[in-house]
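Remarks on the overall topology
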Amino acid sequence: MSEQSIYRRILLKLSGEALMGEGCQGVDPVVLAQMVEEITAITELGVQVAIVIGGGNYCRGASLEEVGVSRVTGDQMGMLATVMNAIAVRDALNQAGVAARTMSAFKISKVCDEYSTHVAVAALKRGEVVLFAAGTGNPFFTTDTAACLRGIEVGADVVMKATKVDGVYSADPVKDPTATLISRISYEEVLEKRLGVMDLTAIVLCREHNMPLRVFNMMRPGGLRVALLNEDEGTLVTKEL
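Now for a description of the structure that goes with this document. None of these values were measured; they are calculated from a predicted model.

Turning next to the sheet that holds strand β2 (residues 48-53). Read from one edge of the open sheet, 9 strands run β4-β3-β5-β2-β1-β6-β10-β11-β9, paired in mixed fashion. Edge positions in the open sheet fall to β4 (113-114) and β9 (184-186), since each of these has one partner strand only. Of the pairings in the sheet, the one linking strand β6 (residues 158-163) to strand β10 (residues 213-217) comprises 5 bridges and is parallel in character. Residue pairing for β10: Val-159 is matched across the bridge by Leu-213.

Put into C-alpha cells, the structure is as follows:
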C-alpha cells in the first residue's frame, strides 16, 4: 500500500458516544488515547486535519424534551458538551506533541477561540489540528451538519465519518446477516433509501456543494490511516458513481 494519502485536507467527524468507551457517560481515557494515536498517525502523513466531535456522551438535546427541557435549551446544552469534548482532545493532542486548537461557533473566550474560517484555514496550513466545537452555533442542527458545513467552509477534500462498522450497508448488519457492504453510493440513493449515513440536512449540503463523504471504521486500530491510504476502504458517497 502506498504511503501517500489520497487527501490533502480532511474534516473528520467523530461521535461523542465513541469517547465513552464502555462507560455510560464522559470521556474514557483509553479511547481518548486511541483517538489521539490515530490522529497523530495521519498528521505524520502530512494530512491537514479538521475535526468536529459530537456531544452525545454528555447530552442530547432532543431527548431532554421528554423531561420538559425546551429543544432550544437542550441543543445549547449539547453544543456545550461538544466544547468539553473538543478541548479534551485538543489538550491530549498537545500532550502528544501535536499542535492543536479549538474554535467555538459561539463566544466562550476563556475556553477556546471563536470560529473564523480565515484563521482556521491558516492554522491548517501550518499543520495544526483544528477542532470545531459548538456545532453550527444554532439549535436544530446536528453535528453531522456542522461537520459538512465546516468541511465545505475550510475547503476540505472530503468529510470522513468515523463509525463502528466498516461503511454503509444495504441493511442494518446487526439485524440482517445478509446485509452487504456498499463501496460507492450516490447522495441521491442515500436520500432516497434513507440509509442513515448522516442526517438528511448534512447529505443535502454535501450534495449541493459536491463534498465527498467517506464512511469508515475507526474502531479498528489504524482504521483512519488505512482509510486515507486505500480508496477501497469503507464507503464513498459522491455525486456520481
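We now examine the packing of helix α1 (residues 29-43) against helix α3 (residues 71-95). Running from amino to carboxyl end, α1 crosses α3 at an angle of 60°, the nearest separation of the two axes being 10 Å. By crossing handedness, the relation of α1 to α3 is classed as right-handed. Contact residues: Leu-32, Val-36, Ile-39 and Thr-40 in α1; Ala-88, Val-89, Ala-92 and Leu-93 in α3.

The subject of this paragraph is the nonpolar core. Grouped together as the largest cluster of nonpolar side chains are 38 residues, with contacts concentrated most on Ile-10, Leu-12, Ile-51, Leu-93, Val-129, Leu-131 and Met-160. Contributing elements (two or more residues each) for this core: β1 (9-14), α1, β2, α3, β5 (129-133), β6 and α8 (223-229). In this structure, Ala-156, Ile-182, Leu-191 and Val-197 belong to the second largest nonpolar core, which totals 32 residues.

Next up on the list: unusual backbone geometry. Of note, the phi angle at Ala-134 is positive, near 70°, even though the residue is not glycine. Position of Ala-134 among the secondary structure elements: in the loop between β5 and α5 (143-153). Assessed through its relative accessible area of 0%, Ala-134 is described here as buried. Phi at Arg-194 takes a positive value of approximately 50°, unusual for a residue other than glycine. One can find Arg-194 in the loop between α6 (187-193) and α7 (200-208).

With that settled, the discussion passes to the pattern of salt bridges. Pairing between side chains of opposite charge can happen when their charged atoms approach one another. Throughout the structure, instances matching the rule amount to 15 salt bridges. Salt-bridge contacts for Arg-101 lead to Asp-113; the nearest nitrogen and oxygen are separated by 3.4 Å. One end of the pair, Arg-101, is in strand β3 (residues 100-104); the other, Asp-113, is in strand β4, with 12 residues separating them in the sequence. Residue Glu-189 is joined to Lys-193 by a salt bridge in which the shortest nitrogen-to-oxygen separation is 2.7 Å. Of this pair, Glu-189 and Lys-193 both sit in helix α6, 4 residues apart, which is roughly one turn of that helix. On the basis of relative accessibility, which here comes to 25%, the residue Glu-189 falls in the partly exposed class. Residue Lys-193 is classed as partly exposed on the basis of its relative accessible area of 49%. Through salt bridges with shared partners, a single ionic network connects Arg-101, Asp-113, Arg-126 and Glu-128.

Take the packing of α5 against α7 next. The contact between α5 and α7 brings their axes to 7 Å, and the two run at 15°. Taken as axis vectors, α5 and α7 run roughly parallel relative to one another. Considering the relative orientation of α5 and α7, their crossing is left-handed. In contact with Asp-144, Thr-145, Cys-148, Leu-149 and Ile-152 of α5, α7 contributes Thr-201, Ala-202, Leu-205 and Cys-206. The residue makeup of the contact of α5 with α7, split by class, is 6 nonpolar, 2 polar and 1 charged.

Turning our attention to the pairing of β2. Counting buried positions along β2 gives 6 out of 6 residues, so the element sits mostly inside the fold. Going residue by residue along β2, you find Gln-48, Ala-50 and Val-52 tucked away on one face and Val-49, Ile-51 and Ile-53 tucked away on the opposite face as well. Where β1 meets β2, 6 bridges bridge the pair, whose relative direction is parallel. The residue of β2 that forms the bridge with Leu-12 is Ile-51.

Before going further, it helps to examine the environment of Arg-220. Take Arg-220: it is sitting in the loop between β10 and α8. In this structure, Arg-220 is in contact with Glu-38, Asp-166 and Glu-233, ignoring residues within four places of it in sequence.

Turning to α7, its buried residues number three or more, namely Ala-202, Ile-203, Leu-205 and Cys-206. The arc enclosing the buried residues of α7, seen along the axis, measures out at 160°, which places them on a common side. Where α7 is buried, its residues contact α5, α6 and β10. The backbone nitrogen of Thr-201 has a side-chain oxygen 3.0 Å away, supplied by the residue at the start of α7, namely Asp-199. Positive backbone phi, approximately 50°, marks Asn-210, located one or two places after α7.

The rules behind each value
Residues numbered from 1 in each chain as written. Predicted model: local features only at pLDDT ≥ 70, side-chain atom pairs only at ≥ 80, totals over all residues. Heavy atoms only, no water. Pairing = 2+ DSSP bridges. Helix = DSSP H or I, 4+ residues; strand = E, 2+ residues; numbered from the N terminus. Axes fitted to C-alpha atoms, helices over the stretch in contact; angles between N-to-C directions. Left-handed = near helix turned anticlockwise from the far one by under 90°. Contact = heavy atoms within 4.5 Å. Core = buried A, V, L, I, M, F, W, Y, C linked by side-chain atoms within 4.5 Å. Buried < 20%, exposed > 50% of the residue type's maximum accessible area, 1.4 Å probe, protein only. Salt bridge = Lys/Arg side-chain N within 4 Å of Asp/Glu carboxyl O. Parallel < 35°, antiparallel > 145°, perpendicular 65-115°, else oblique. Nonpolar A, V, L, I, M, F, W, Y, C, P; charged D, E, K, R; others polar. Arc of directions from axis to C-beta. Polar contact = N/O pair within 3.5 Å; in protein donor to acceptor, adjacent residues only side chain to side chain.

So yeah, pure geometry; function would need other evidence.
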